[in-house]
Amino acid sequence: MSRQYNPAITAYKRMDLDGFNELDKSTEQEKSSSGGGLLSRSSMPSKNSKELDYSNPAVRVAKQMQVIRKYRDEINGTK
Amino acid sequence: MELSNQPSFDAPIPGQSLTMELGSRPWQSPAQFTTVDETIDYYMERMSSEDFMLQLADVLEMGTPVTVLANTIQMSSVMEGVHTVDVGMLVLPMLMEMIMMVGDSAGIQYDSGLENKDKPKTRDTLIAKVISDYEKEVSGAGLSDREEKEVKDEVEEEEEPKGLMARRT
């Protein structure tokens with residue numbers, strides 16, 4: 001199969017896992033810093049916020065990839 | 001790409017797809033899994049079986065790129081009516097990561113398929129040309145500096161007095 005007709009290359013390269021990890025960390029920090037009271041922010045992120053939208057299918061795939069990548073890194077001993 | 005002059009008979013006849021009853025093909029009926037989560041679960045379960053992993057390791061060892069494998073797997077699932085094309089596209093990176101993990105755990109030197117081997121390398125002649133151009137430019141700049149100095153000196157020497165009382169030569 002020709003390389004240029006394979007969507008897997010583009011799909012994989014566009015999945016920026018390093019950027020995702022940073023965003024994921026910042027989202028978790030924001031969540032932990034905000035209290036769990038009645039006046040706490042809703043789970044729906046606003047358009048301008050840099051929080052991850054877990055209802056987005058691409059984010060869910062990235063989360064799965066993050067877990068597998070971590071496991072791969074452990075196998076390869078890179079991290 | 002060079003086109004073969006021989007007619008290919010190993011292809012569907014134009015309009016063949018319309019000869020079957022609508023909905024009789026798996027991809028024409030609603031997909032079995034409609035969400036990314038369901039599809040990921042399906043692949044995780046399928047790929048974690050020992051038979052699949054062994055087959056996958058064999059194929060990887062044969063030198064098949066991971067990208068090709070992942071695309072083939074998702075495309076065959078679309079044809080079987082497991083999930084839609086768009087869900088397949090979304091799941092592709094995860095599939096690739098999973099295949100690479102199988103390769104890593106089996107200790108195989110697999111081809112990820114992400115690097116473009118056909119990409120033309122920088123030609124040696126081009127590098128040589130750039131070097132020669134640079135050298136010319138540098139030496140040219142040196143000459144002009146010297147010339148500029150000489151010109152300046154000459155100008156200073158030949159500068160005539162401009163005052164009213166200046167003596168004319």
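Here the structure is shown first, and the text comes after it.
Now for a description of the structure that goes with this document.

Rules used in this analysis
Just so you know, the residues in each chain are numbered from 1, in the order the chain's sequence is written. Here the convention is simple: chains get letters from A, ligands get numbers from 1, in the order in which they are written. Residues qualify for local features only when their pLDDT is at least 70, as the model is predicted, and side-chain atom pairs are given and counted only at 80 or more; totals for whole chains, interfaces and linings, by contrast, use all residues. Side-chain descriptors were evaluated using all non-hydrogen atoms of the structure, hydrogens and water having been removed beforehand. By definition, residues are in contact when any of their heavy atoms lie within 4.5 Å. The buried area of a pairing is the accessible area, by a 1.4 Å probe, that goes missing from both parts when the two are put together, added over both. The term salt bridge refers to a pairing of a side-chain nitrogen on Lys or Arg with a carboxyl oxygen on Asp or Glu at a separation within 4 Å. Runs of H or I in DSSP of at least four residues are treated as helices and runs of E of at least two as strands, each being numbered from the N terminus. Each residue is assigned to one class: nonpolar for Ala, Val, Leu, Ile, Met, Phe, Trp, Tyr, Cys and Pro, charged for Asp, Glu, Lys and Arg, and polar for all the others, Gly among them. Think of it in three bands: with a 1.4 Å probe and only protein chains considered, a residue is buried below 20% of the maximum accessible area for its type, exposed above 50%, and partly exposed in between. By arc we mean the arc of the directions from the helix axis to the C-beta atoms, nothing more. A 3.5 Å cut-off defines polar contacts: any pair of N or O atoms within that distance qualifies, except that in protein one atom must be a possible hydrogen donor and the other a possible acceptor, and neighbouring residues in sequence count only when both atoms are side-chain atoms.

### A word on the interface of chain B and chain A
In this assembly, 25 residues from chain B lie in contact with 22 residues from chain A. In total, chain B and chain A occlude about 2,200 Å² of area from one another, counting both sides; carbon and sulfur atoms represent 69% of this. Area buried by chain B at its contact with chain A is led by P93, E97 and L114 of chain B, which between them contribute 27% of it. There are 4 salt bridges connecting chain B and chain A. Between R72 of chain A and E97 of chain B there is a salt bridge; the shortest N-O distance is 2.8 Å. Those elements that provide at least two residues to the side of chain B that touches chain A are helix 1 (36-47), helix 3 (66-79) and helix 4 (85-106) of chain B. Tallied by class, residues from the side of chain B that touches chain A come to 16 nonpolar, 5 polar and 4 charged.

### Side note on helix 1 (residues 7-14) of chain A
Within the sequence span of helix 1 of chain A, burial applies to A8, I9 and Y12 of chain A. For helix 1 of chain A, the buried positions fall inside an angular range of 100 degrees around the axis, keeping them on one side. Elements in contact with the buried residues of helix 1 of chain A: helix 3 (57-76) of chain A together with helix 3 and helix 4 of chain B. Where helix 1 of chain A starts, the residue carrying a side-chain oxygen 3.1 Å from the main-chain nitrogen of A8 of chain A turns out to be N6 of chain A.

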